[in-house]
Amino acid sequence: SPTTGLVLATIGAIANGSDEIVSMAYDPGPTASGTDDRLLVMEAGGAAGQLRAIDPDSPSTATLLGSITWSPASLFTGLAYDSRQHRLFAATPFGPDGLYEIDLAGCTPSPCESSQIPGAGLYRDNASLAYSRLSGMLYLVGTAYSGERTFFDVVDPTTGTSRETL
């Protein structure tokens with residue numbers, strides 16, 4: 001329940017051993033139908049990571065999209081999917097730019113290819129990332145300076161430019 005925080009139901013569990021899902025993004029699919037929606041998740045175990053897709057209608061299984069070459073993958077704590085341009089972004093504490101774009105088409109065969117968003121300069125610890133289809137912008141929150149300061153940024157994913165709003 002959004003008002004109480006009460007878990008109303010658990011709809012599925014993924015048997016992933018000691019690996020953990022460290023970030024997730026929602027892909028509404030190419031049609032208005034919910035049958036092509038998917039959740040994109042980063043699964044991390046040790047230093048390795050994998051990008052997987054989960055069908056919200058059958059969430060007990062996850063389809064491997066590709067492996068991630070970054071290490072440790074557990075630090076890629078923010079994922080956001082741009083449903084207008086079909087681009088997946090990841091927020092990280094790794095400089096110089098911190099924001100990556102993951103080429104989903106390049107994930108098969110593994111590994112998934114990625115590149116930093118040049119000029120962003122937004123490397124954040126414990127980052128969370130969201131995308132707005134309405135504004136076309138990324139919204140990033142995370143800490144820097146050993147956790148002494150929290151930043152909230154609005155980022156243009158095409159140019160990497162941002163304005164710190166908090």
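Everything numeric in this text was worked out from a predicted model, so none of it was measured.

Engineer: Describe the pattern of salt bridges, listing the residues and the values that go with them.
Structural biologist: Considering all chains together, one arrives at four salt bridges under this definition. A salt bridge links Arg-87 to Glu-101; the nearest nitrogen and oxygen atoms lie 3.0 Å apart. Here Glu-101 lies in strand β7 (residues 99-103) and Arg-87 lies in strand β6 (residues 87-91), a separation of 14 residues in the sequence. Given the relative accessible area of 16%, Arg-87 is considered buried. Residue classification places Glu-101 among the partly exposed residues on the basis of a relative accessible area of 22%.

Engineer: Please give an account of the sheet that holds strand β5 (residues 78-82) that cites residues and values.
Structural biologist: If you trace the four strands from one edge of the open sheet to the other, you get β5-β6-β7-β8, paired in antiparallel fashion. One side of each edge strand has no neighbouring strand; the edge strands of this open sheet are β5 and β8 (113-116). Here the strands of the sheet are splayed against their neighbours by 30° on average, with no regard to which way each runs. Where β6 lies against β7, four bridges are found, and the strand directions are antiparallel. Opposite Ala-91, over in β7, you have Leu-99 as the bridge partner.

Engineer: So, the side chain of Thr-143: which residues are in play, and what are the values?
Structural biologist: Relative to the helices and strands, Thr-143 is located in strand β10 (residues 138-144). For Thr-143, a relative accessible area of 15% gives the class buried. In contact with Thr-143, other than residues within four places in its own chain, are Arg-124, Asp-125, Asn-126, Arg-149 and Thr-150.

Engineer: Please give an account of the state of the cysteines that cites residues and values.
Structural biologist: Simply put, the disulfide is a covalent bond whose two ends are the sulfur atoms of two cysteines. All told, the structure shown has one disulfide when counted by the stated rule. The disulfide partner of Cys-107 is Cys-112, and the S-S distance across this bridge is 2.1 Å. Of note, the bridge from Cys-107 to Cys-112 carries an S-S torsion of about 120° and is right-handed in sense. Note on Cys-107: relative accessible area 1%, which makes it buried.

What counts and how
- Residues numbered from 1 in each chain as written.
- Predicted model: local features only at pLDDT ≥ 70, side-chain atom pairs only at ≥ 80, totals over all residues.
- Heavy atoms only, no water.
- Salt bridge = Lys/Arg side-chain N within 4 Å of Asp/Glu carboxyl O.
- Helix = DSSP H or I, 4+ residues; strand = E, 2+ residues; numbered from the N terminus.
- Buried < 20%, exposed > 50% of the residue type's maximum accessible area, 1.4 Å probe, protein only.
- Pairing = 2+ DSSP bridges.
- Axes fitted to C-alpha atoms, helices over the stretch in contact; angles between N-to-C directions.
- Contact = heavy atoms within 4.5 Å.
- Disulfide = S-S within 2.5 Å.

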